[in-house]
Amino acid sequence: MASKRNRFLSQDNRFRLMLTLGLAVLLPAAALIYVNFHHLESIKRNKQVEGLIHRDFQYVLAVSEKKLNQKAYTMAEGMRDLFPSPDDSESDKVMKLDQILSKNPWLAHVFLFDHDKGMVFRSQPQLLNDPFCRKEHEMMATSYNVWFGMEGKMIVEGLHKRPRPISWYGGPTKRADGESFMTTAFFVPPRAPADRVVLAGASFDPNYLKQTFFPQMLDELITQKLSDDKGEALAMMVYPSEPEGGYEKPLVTSSGWSKGKPEIMRKLDDVFGGLALGIKFQGTTVDAIGRRWVMQSFLILGALSVLMIGGLILTYRSVSKEMALAHLKADFVSNVSHELRTPLALIRLYAETLELGRITTQEKKDEYYRIIRKESERLTALINNILDFSRIEAGRKEYDFRETDIAELVCNTLDAYRYQIEQQGFAFEQSIDSSIPRVRVDREAIARALVNLVNNALKYSANEKFLGVKLYRVNDLLKLEVVDRGIGITRREQAKIFEKFYRTGDPLVHDTKGSGLGLSLVRRITQAHGGEVQVESTPGKGSKFTLSLPLATATQ
Ligand code: ADP
């Protein structure tokens, strides 16, 4: 029967172990593997995302260049028709060119070249106050004259082949406030005879480009892009494409650029040859986004690992506990069967002897009867302990609380043991305060608790045999003390002796039969009465067990 029950218990344990293992170890481990897997997957995905972002950036830059060019073309085309005819007089040409300049303040220079009649080159009047511009004016007027004289025919032919017949020449130039950029549009003016090389042109004012044209265009492009796909805010810059690293000296930056390198750049040609357009996210980089993501993943992995280690520790502890309990249970079974067998054997032996009628003296007979009674009492106590314990464990124990004179209950219980106590050579001291008011307790349970404590004191005393029982009152508490001068209990073990099946490692305990249930029962009974049990003990000096029961709750 015991082994069957043991088998059930161990099956139950195994199931619990599996459950704990499953929950505490396998789940986090599975989650870890799953996350790891996804981690790798998303690293791949992240690379793809990075690629997509870059491709998107390239696209934005290409569209932006197109829009910048279109705007420049439209502006140039708008004033092309105002140009004088090559056959106008020199003064008419000057007048008409000056008119164009005054109507279009965003132009720096305009000119008309006729292979036969030479170059008329005009600049915004206020620009000529600036020494840089004056120099620029002179240089352009002469060099263009020479250049068109030599290559004019080729340029005109090239222009006719273009869908929008304007060609551009852009490059760095200097202004009072530093390096700048200028671009010049060349075209064939209206009313130019087909058999003559006639070219006209207009230069976009560098200050206009820097202060108005680019800033407006960049902001427009960014706002448009943002309203298209509501992603992270973008920033753009225009900078000289040569030398490498020209982004450190930008010509124009959009709002929100702060500092840093463009994520993607595009060298511009046609209208803005010599410039580059750069793009990035405002306040962050694609790299930083990636790093943040990796960081997050590591944090998640770390948290999961901690969870897993926690699970392992929990499992280890639970397994150790289960194993210790299994060990204690095995001890319990062997102890209890021994405990049962000894009194039974004695009862049988003495009963048989009496039955045979060989005992003649009444004195001897009385002694045998007493032994039989004592052993059967021991047996009853043991069986009661086990039954009570199993009832409590199964939650089926019902207490029968009645108004009781606790002093009388203690005295009666001790009286039943007095003979045994003295027989074993114990000095017995009892101090019972009989003025304690009546309390509501389960008599049988309280008596059992007391008997267990007294029995322990008797069992675990070696040299000095002393037993003291004290009942007294401290304020609202009723105290029942059982004192011995026996082997004592180490501090470490004091915390454990109230656990079921636990027995200390003392050799005397080892040699003394016991179930390890007594103290656990004492504690359960005291708790059921709303009280608690405490132990004070010094190894080799003795122990004191104190039950404290609240008088108030006990009387309820
Ligand atoms: P049992 O006495 O059947 O072993 P208990 O639950 O009554 O079981 O006691 C648990 C353990 O506590 C004992 O095995 C013993 O090691 C220790 N113990 C209990 N009472 C005393 C005591 N008065 N002095 C020394 N050790 C004690």
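Numbering of residues starts from 1 in every chain and runs along the sequence as written. Whole-chain, interface and lining totals are the exception, using all residues; otherwise, since this is a predicted model, local features are given only for residues with pLDDT of at least 70 and side-chain atom pairs are given and counted only at 80 or more. Each side-chain value is worked out from all heavy atoms of the structure, with water and hydrogens disregarded.

**A short note on the overall build of the chain**
Right, on to step 1. Under the DSSP-based scheme used, a helix requires at least four consecutive residues in state H or I and a strand at least two consecutive residues in state E, with every element numbered from the N terminus. Helix and strand counts for the chain stand at 12 helices and 16 strands.
Right, on to step 2. As defined in this context, the radius of gyration uses C-alpha atoms, and a globule is described by 2.2 Å times the residue total to the power 0.38. Taken against the 2.2 N^0.38 rule, which gives 24 Å for 556 residues, the C-alpha radius of gyration of the chain at 53 Å runs more than 25% over that of a compact globule.
Right, on to step 3. Each of the three principal axes of the chain carries a C-alpha extent, and together these read 170 × 50 × 40 Å.
Right, on to step 4. By the burial criterion, 42% of the 556 residues in the chain qualify as buried. Each residue's exposure class comes from its accessible area (1.4 Å probe, protein chains only) as a fraction of the maximum for that residue type: buried when under 20%, exposed when over 50%, partly exposed otherwise.

**A closer look at the site of the ligand**
Right, on to step 1. Around the ligand there are 20 residues in total, and Tyr 460, Asp 484, Arg 503, Thr 504 and Leu 519 lie nearest to it.
Right, on to step 2. Within the side chain of Lys 459, one N or O atom sits 3.1 Å away from an oxygen atom of the ligand.
Right, on to step 3. Calculation on the ligand without its partners gives an accessible area of 530 Å², and the protein chains cover 98% of this total.
Right, on to step 4. Of the two site types, the cavity is a set of points on a 1 Å grid over the protein atoms alone where a 1.4 Å probe fits but cannot get out, and the pocket is an open set with protein on both sides within 12 Å along at least five of seven lines, each lined by residues with an atom within 4 Å of a point. The way we define it, a molecule is inside a pocket or cavity when more than half of its atoms are within 2 Å of that pocket's grid points. Of all the cavities here, the one that holds the ligand is the largest pocket.
Right, on to step 5. In terms of residue class, the shell around the ligand is made up of nine nonpolar, eight polar and three charged. Note on definitions. A residue lies near a molecule or strand when any single heavy atom of the residue is within 4 Å of it. Contacts described as polar in this section are N or O atom pairs within 3.5 Å, which, within protein, must combine one atom able to donate a hydrogen with one able to accept it, while residues neighboring in sequence count only if both atoms come from side chains. Shrake-Rupley sampling with a 1.4 Å probe provides the accessible areas, and residues are treated as covered by the protein chains on show and by no other component. Residue polarity is assigned by list, with Asp, Glu, Lys and Arg as charged and Ala, Val, Leu, Ile, Met, Phe, Trp, Tyr, Cys and Pro as nonpolar; anything else, Gly included, falls into the polar class.

**Topic: the sheet that holds strand β16 (residues 542–550)**
Backbone hydrogen bonds are what pair the strands of a sheet, in a parallel or an antiparallel way.
Right, on to step 1. Taken in spatial order, the five strands of this open sheet run β11-β13-β14-β16-β15, and their pairing is mixed. Lying at the two open borders of the sheet, with one neighbouring strand each, are β11 (427–432) and β15 (532–538). The mean inter-strand angle of the sheet, taken between neighbouring strand axes irrespective of direction, is 15 degrees.
Right, on to step 2. Any two strands between which DSSP finds at least two bridges are classified as paired. Sheet analysis places β11 next to strand β13 (residues 466–474), joined by six bridges and oriented parallel. Paired with Ser 431 across the bridge in β13 is Lys 470. Structural elements are reduced to axes, namely lines fitted to C-alpha atoms, with helices fitted over the stretch in contact, and the angle between N-to-C directions of any two is expressed from 0 to 180 degrees.

**A short note on the packing of helix α6 (residues 362–393) against helix α11 (residues 518–528)**
Right, on to step 1. The geometry of α6 relative to α11 is characterised by a closest axis approach of 10 Å and an angle of 55 degrees between their N-to-C directions. Judged by the angle between their axes, α6 and α11 are oblique. When the axes of α6 and α11 are compared, the crossing they make is left-handed. Facing α6, whose interface residues are Asn 385, Asp 388, Phe 389, Ile 392 and Glu 393, α11 presents Gly 518, Ser 520, Leu 521 and Arg 524. Roughly parallel here means an angle under 35 degrees, roughly antiparallel means over 145, roughly perpendicular means 65 to 115, and every remaining angle is called oblique. With the far helix as reference, a near helix turned anticlockwise by less than a right angle produces a left-handed crossing, and one turned clockwise produces a right-handed crossing. Residues count as neighbours in contact if any of their non-hydrogen atoms are within 4.5 Å of one another.

**Here's the deal with the layout of surface pockets**
Right, on to step 1. Grid points are joined across faces, edges and corners, and a volume is the space filled by probe spheres set on the points. As a volume, the largest pocket reaches approximately 1,200 Å³.
Right, on to step 2. Every residue lining the largest pocket is counted, 48 residues in all, and those nearest its centre are Val 451, Asn 452, Asn 455, Asn 456 and Lys 459.
Right, on to step 3. Elements with a contribution of two residues or more to the lining of the largest pocket: α5 (286–355), α6, α7 (406–423), α8 (443–459), α10 (507–511), α11 and β16.
Right, on to step 4. Here the lining of the largest pocket takes 10 residues from α8, the largest share from any one element.
Right, on to step 5. Considering only residue class, the lining of the largest pocket consists of 18 nonpolar, 18 polar and 12 charged.

**Observations concerning a nonpolar patch on the surface**
Right, on to step 1. Patches were defined on residues exceeding 30% relative accessible area and lacking a salt bridge, with like-charge contacts within 9 Å and nonpolar side-chain contacts (Val, Leu, Ile, Met, Phe, Trp, Tyr) within 5 Å. Think of a salt bridge as a Lys or Arg side-chain nitrogen and an Asp or Glu carboxyl oxygen that are within 4 Å of each other. Taken together, the side chains of Phe 15, Leu 19, Leu 23 and Leu 27 define a hydrophobic patch exposed on the protein surface, amounting to about 430 Å² of accessible area.
Right, on to step 2. Note that Leu 27 resides in helix α1 (residues 2–80).
Right, on to step 3. Assessed through its relative accessible area of 51%, Leu 27 is described here as exposed.

**Structural notes on the packing of aromatic side chains**
What describes a pair of aromatic rings is the distance from one ring centre to the other and the angle between the planes of the rings.
Right, on to step 1. Note on aromatic contacts: the rings of Phe and Tyr and the six-membered ring of Trp form a pair at centre separations within 6.5 Å, being stacked when their planes are under 30 degrees apart, edge-to-face when over 60 apart, and tilted otherwise. One pass over the structure, following the stated rule, counts 27 aromatic pairs.
Right, on to step 2. Sitting over the face of the ring of Trp 257, Lys 280 holds its NZ or CZ atom 5.2 Å from the ring centroid.
Right, on to step 3. The positively charged end of Lys 470 is found above the aromatic ring belonging to Tyr 472, 5.4 Å away from the centroid. Charge over a ring is defined by NZ of Lys or CZ of Arg lying within 6 Å of the ring centre and within 35 degrees of the ring normal.

**Things to note about the environment of Arg 266**
Right, on to step 1. With respect to the helices and strands, Arg 266 occurs in strand β8 (residues 264–267).
Right, on to step 2. Given a relative accessible area of 32%, Arg 266 falls into the partly exposed group.
Right, on to step 3. A C-alpha to C-alpha distance of 89 Å links Arg 266 and Ser 334, two positions 68 residues apart in sequence.
Right, on to step 4. Not counting residues within four places of it along the chain, the set of residues in contact with Arg 266 comprises Leu 61, Ala 62, Glu 65, Leu 275, Ala 276 and Leu 277.
Right, on to step 5. At a separation of 2.7 Å, a polar atom in the side chain of Arg 266 contacts the side chain of Glu 65.

**Thoughts on the sheet that holds strand β6 (residues 234–240)**
Right, on to step 1. Taken in spatial order, the four strands line up as β7-β6-β9-β8 in an open sheet, and their pairing is antiparallel. This sheet does not close on itself; its edge strands, each paired only once, are β7 (252–253) and β8.
Right, on to step 2. Sheet analysis places β8 next to strand β9 (residues 275–281), joined by four bridges and oriented antiparallel. Residue pairing for β9: Met 265 is matched across the bridge by Gly 278.

Shape is all these values report; function is a separate question.
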